[in-house]
Structure formats: C-alpha cells, structure tokens
Amino acid sequence: MAPVEPDVKPSAPDIAPPGTTTTPAAKPSLMARFKTLLVEYGPLAIAVNYLIFGLVIVGFWAAIRAGFQPQGTGAQAGAWGAAYIASQAVKPIRLAAVFVLTPLIARIPPVGRFIEKNKHKWSF
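Since the structure is predicted, the reported quantities are computational estimates derived from the model, not experimental observations.

Thresholds applied
Residues numbered from 1 in each chain as written. Predicted model: local features only at pLDDT ≥ 70, side-chain atom pairs only at ≥ 80, totals over all residues. Heavy atoms only, no water. Helix = DSSP H or I, 4+ residues; strand = E, 2+ residues; numbered from the N terminus. Buried < 20%, exposed > 50% of the residue type's maximum accessible area, 1.4 Å probe, protein only. Contact = heavy atoms within 4.5 Å. Areas by Shrake-Rupley, 256 points an atom, 1.4 Å probe, with all protein chains shown as cover. Expected span 1.5 Å × (residues − 1). Arc of directions from axis to C-beta. UniProt positions renumbered as here; feature names shortened; annotations may be inferred. Polar contact = N/O pair within 3.5 Å; in protein donor to acceptor, adjacent residues only side chain to side chain. Phe/Tyr/Trp six-rings, centres within 6.5 Å; stacked < 30°, edge-to-face > 60°. Axes fitted to C-alpha atoms, helices over the stretch in contact; angles between N-to-C directions. Parallel < 35°, antiparallel > 145°, perpendicular 65-115°, else oblique. Nonpolar A, V, L, I, M, F, W, Y, C, P; charged D, E, K, R; others polar.

## What about the overall build of the protein?
Then, number 1: Across its full length, the protein carries five helices and zero strands.
Then, number 2: The secondary structure elements of the protein, listed N-terminal to C-terminal, are α-α-α-α-α.
Then, number 3: In the protein, which comprises 124 residues, the proportion classed as buried is 22%.
Then, number 4: Put simply, of all contacts in the protein between residues at least 6 apart along the chain, 69% involve residues at least 24 apart.
Then, number 5: Total accessible area on the protein stands at roughly 9500 Å², and carbon and sulfur atoms take up 67% of it.

Following this line, the structure appears as structure tokens:
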C-alpha cells in the first residue's frame, strides 16, 4: 500500500488582500491620555500631578535663586515667574512621570483599596 498523506489546509497569507487593510488608529493626544488616567485613578492622578508640578517649580525656583541665570522671557519675569515658565517647558516630561508613577502608587495596598472603594464617585 502507498503511504497516505494527511489533508493539509493552505495557510493563510501573511499579507491581507488589497482593499481590506485598515489604517491603525491614531495615537490619542497627551491630554486625552491624561483625561483617561483621571477617570481611572481619580484623585490619585490629580495629587501625583500637582505634587510633581510643585516639586518641579520649587526646584527651578531654587536653581534660579542659587545662581542660575535664565535668558529670554524668563529673565524679566522674576524667580517665580521664570520657574513657572521653565516648569511649563518640561510639561511633557512631567506628564510622562505622572503616567508612570500613578499606576505604581496605585499598587500600594491602602491606596488601591481607596481607589476601588471610591471609583464610582469619579467615573463618568
């Protein structure tokens, strides 16, 4: 007898037929992602955001008072004004830190319990 070959189904092609491809969804803006973070973590995200903002602005103020000489618009704004302008310049970095730190802080057991217990209060 001759050996029997098993039925083999042709594999699906790696490339989709023309006209059936979909374009990938556009990446949401930074502020849209921040709003999503606010809905998910609520007051924790707000607290982390303001804490980082406060640390950054105080850090820039201390650097200016210690002798850093800002140039351009910040030079005439005074120490606090220049610190605010500098903190706005690093806003994407601050928000990135908020995106990274908020979920990590939410893993702390008491914080996680607070979020789960009160999530219905800020969910839309």
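## Remarks on helix α1 (residues 30–41)
Then, number 1: Between its first and last C-alpha atoms α1 spans 16 Å; for 12 residues at 1.5 Å apiece the expected length is 16 Å, and the two agree.
Then, number 2: Buried residues of α1: F34, L37 and Y41, and no others. Projected down its long axis, α1 carries its buried residues within an arc of 55°, all on one side.
Then, number 3: Where α1 terminates, the next one or two residues include G42, which has phi positive at roughly 60°.

## Some remarks on the UniProt feature "transmembrane region" (unreviewed entry) in the protein
Then, number 1: Per the UniProt entry, the sites bearing "transmembrane region" (unreviewed entry) are residues 41–64 in this numbering.
Then, number 2: In residues 41–64, helix accounts for 96% and strand for 0%; the two terminal C-alpha atoms are 34 Å from one another.

## What to know about the side chain of S87
Then, number 1: If you trace the backbone, S87 turns up in helix α3 (residues 78–89).
Then, number 2: Of note is the side chain of S87, whose polar atom sits 2.7 Å from the backbone oxygen of Y84.

## Let's talk about the packing of aromatic side chains
Aromatic rings considered in pairs are described by the distance between their centres and by the relative angle of their planes.
Then, number 1: For the structure on display, the rule yields two aromatic pairs.
Then, number 2: Aromatic side chains F53 and Y84 sit 6.4 Å apart centroid to centroid with 80° between the ring planes, which places their arrangement in the edge-to-face category. Note that F53 is positioned in helix α2 (residues 43–65) and Y84 in helix α3, a separation of 31 residues in sequence.
Then, number 3: A relative accessible area of 21% means that F53 is categorised as partly exposed.
Then, number 4: Owing to a relative accessible area of 42%, Y84 belongs among the partly exposed residues under this scheme.
Then, number 5: A ring pair is formed by W61 and W80, whose centres lie 5.0 Å apart and whose planes are at 10°; its orientation type is stacked.

## Comments concerning the packing of α1 against α2
Then, number 1: Interhelical geometry of α1 versus α2 gives an angle of 125° and a closest axis separation of 6 Å. One finds that α1 runs oblique with respect to α2. Packed against α1, whose contacting residues are F34, L37, L38 and Y41, the element α2 presents P43, L44, A45, I46 and N49 at the interface.
Then, number 2: For the contact of α1 with α2, the class distribution of residues is eight nonpolar, one polar and no charged.

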